[in-house]
Amino acid sequence: MRTETVVVGAGPAGLLAARELADRGVDVTIFEEHSVIGEPNHCAGILSVEGLKRLDVRPSTDFVQHEVRGGTVFSPDGTAIRIEGGSTRAYIVDRAAFDMHVAGVAQDRGAEIEVGQRVVGLTVTDGDVTGVRGKIDVRSDVVIDCEGAAGSLARSIGLPSSTEGILAGINVEVPDVSVEPNMVEVWLGSETAPGLFAWVVPIGETGARCGLACSGGNALRRLEEFLAERFGKSRHLEPIRWPVLTGGPVSRTFAGGLLLVGDVAGQTKPTTGGGVIMGGLCAVEAAKATMTAYDTGEFSEDVLGGYEISWRSAIGREFSTMLFVRKFMNKVSDERINNLFFSMKRAGLEPTLEGLVDEGDMDMQSGVLRSALTDLGMIRVLAGSLGRMALGELRRFFNL
Ligand SMILES: Cc1cc2nc3c(=O)[nH]c(=O)nc-3n(C[C@H](O)[C@H](O)[C@H](O)COP(=O)(O)OP(=O)(O)OC[C@H]3O[C@@H](n4cnc5c(N)ncnc54)[C@H](O)[C@@H]3O)c2cc1C
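From a predicted model like this one, the values you see are computed outputs, not experimental measurements.

Here the focus is the domain arrangement of the protein chain. By domain assignment, the protein chain separates into domain 1 (5-45 + 94-162 + 247-315), domain 2 (166-245) and domain 3 (322-397). When each unit is reduced to the centre of its C-alpha atoms, the spacing between domain 2 and domain 3 is 24 Å. Contact with domain 2, which involves 6 residues of that partner, is made by 5 residues of domain 3. By the criterion of area lost to domain 3, the three top residues of domain 2 are L188, S190 and G195, representing 74% of everything that side buries. Class assignment for the residues of the side of domain 2 that touches domain 3 results in 2 nonpolar, 3 polar and 1 charged.

Here it is as structure tokens:
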């Protein structure tokens, strides 16, 4: 079989890349190993309002379950900082339904989707990728590899894969519990979730989607303990586990005939592990680079390397800023975080934080982080609770 472009994986990155290419008249086929798109659903489903706009995905009742205006962040000792925006900041989506919806759009534009078809290898001819191997062999001009966090195809031909910041993620639905509507909860602490945080996401009148990501294993035990503490006696549905990536993008995302997009390329936010929007933005860049290749009739790494230049110049700085902040946060002890929260409350900084978050961007976080480090009240509190050296390290990174 031959198709112009093969996409491996019908997650958001693959579906959006295929949507863009099909829109421009490319003959594109997605191969998805599972028989149902979006399953198994391992995602908390928090997608920013501005992120969906950037991806040109209109919010729809097909997949939006709830809307949130902000969040309450809890320090390890349980001190709460409430940051509520004036308007909806994020949609809580059913990720399986979201993926299905985007798949429908991609198909309407002309993309083919083959489900139940696992790609087992890449075909390489004279050093360039020229197709994929699976139940059938498929030849193509370009392969866009969007196989997600556990991908191994690119590694098999010598491209780098994520090695740092790979956390154990776990998610469950907890029915019949009462949580504040329109607000997510984020719980910090080295006992609860070292390396990231635990989350509680409202999904309707009664019920929440809860999970955590952590380094050092035992995600299920940590989650059980967290749920018992948060809700007392409650039952939850079957947990779903999947890696959460916080280590930033891999060092190379292209080869002759091949582009890497989404989780397989480490294109997630190191501060939160969220990857739907960032991977989606890179998928759009991948489609543009593929079109340039079709315009020139050249699918070599010299031409497809334009993808890496374009996504890095569009959002590379965001990734490196969030990675710096993640590594910084990982070094801060629980005790210092407790001090920080206590000091922020005592200094009455919640309105300042709300203002920052209202003006900020959930995905492109460098702006809000920079603003926080120029606010005098925040500077005083950060110096007092984290120490002057730590504050200096943060401010130097931002050239302040
Ligand atoms: C617990 C948890 C919670 C999360 N919460 C959020 C959140 O709230 N917001 C957010 O933005 N992000 C969240 N994420 C991250 C988000 O899920 C990923 O960043 C996103 O799914 C990446 O999209 P992708 O298309 O790159 O990969 P995936 O969504 O993983 O899709 C890859 C697809 O490729 C298929 N595939 C893999 N290998 C092959 C093969 N060889 N052949 C054929 N098909 C193959 C897979 O079956 C899968 O369908 C969360 C992740 C976890 C684990």
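A separate point is the side chain of T3. Position of T3 among the secondary structure elements: in the segment before β1 (5-8). Side-chain polar atoms of T3 contact the side chain of T29, separated by 3.3 Å. Not counting chain neighbours up to four residues away, the residues in contact with T3 comprise D27, V28, T29, V138, R139, S140 and D141.

As a further point, take the environment of G275. Mapped onto the fold, G275 is located in the loop between β19 (258-260) and α6 (276-296). When the C-alpha atoms of G275 and G262 are compared, they prove to be 7.0 Å apart, with 13 residues separating the residues in sequence. Each residue touching G275, except ones within four places of it in the same chain, is listed here: D263, Q267, T268 and G280.

As a further point, take the sheet that holds β1. Within the open sheet, the 6 strands sit side by side as β8-β2-β1-β12-β19-β18. Their pairing is mixed. One side of each edge strand has no neighbouring strand; the edge strands of this open sheet are β8 (112-115) and β18 (254-255). Here β1 runs beside strand β12 (residues 142-145); their pairing, made up of 4 bridges, is parallel. When the bridges of β12 are listed, V7 appears paired with I144. Strands in contact with helix α1 (residues 12-23) are β1, β2 (28-32), β8 and β12; relative to β2, the strand with the most contacts, it is inclined by about 165°.

Reading guide: rules and limits
- Residues numbered from 1 in each chain as written.
- Predicted model: local features only at pLDDT ≥ 70, side-chain atom pairs only at ≥ 80, totals over all residues.
- Heavy atoms only, no water.
- Domains from an automatic or database assignment.
- Contact = heavy atoms within 4.5 Å.
- Buried area = accessible area lost by both parts, 1.4 Å probe.
- Nonpolar A, V, L, I, M, F, W, Y, C, P; charged D, E, K, R; others polar.
- Helix = DSSP H or I, 4+ residues; strand = E, 2+ residues; numbered from the N terminus.
- Polar contact = N/O pair within 3.5 Å; in protein donor to acceptor, adjacent residues only side chain to side chain.
- Pairing = 2+ DSSP bridges.
- Axes fitted to C-alpha atoms, helices over the stretch in contact; angles between N-to-C directions.

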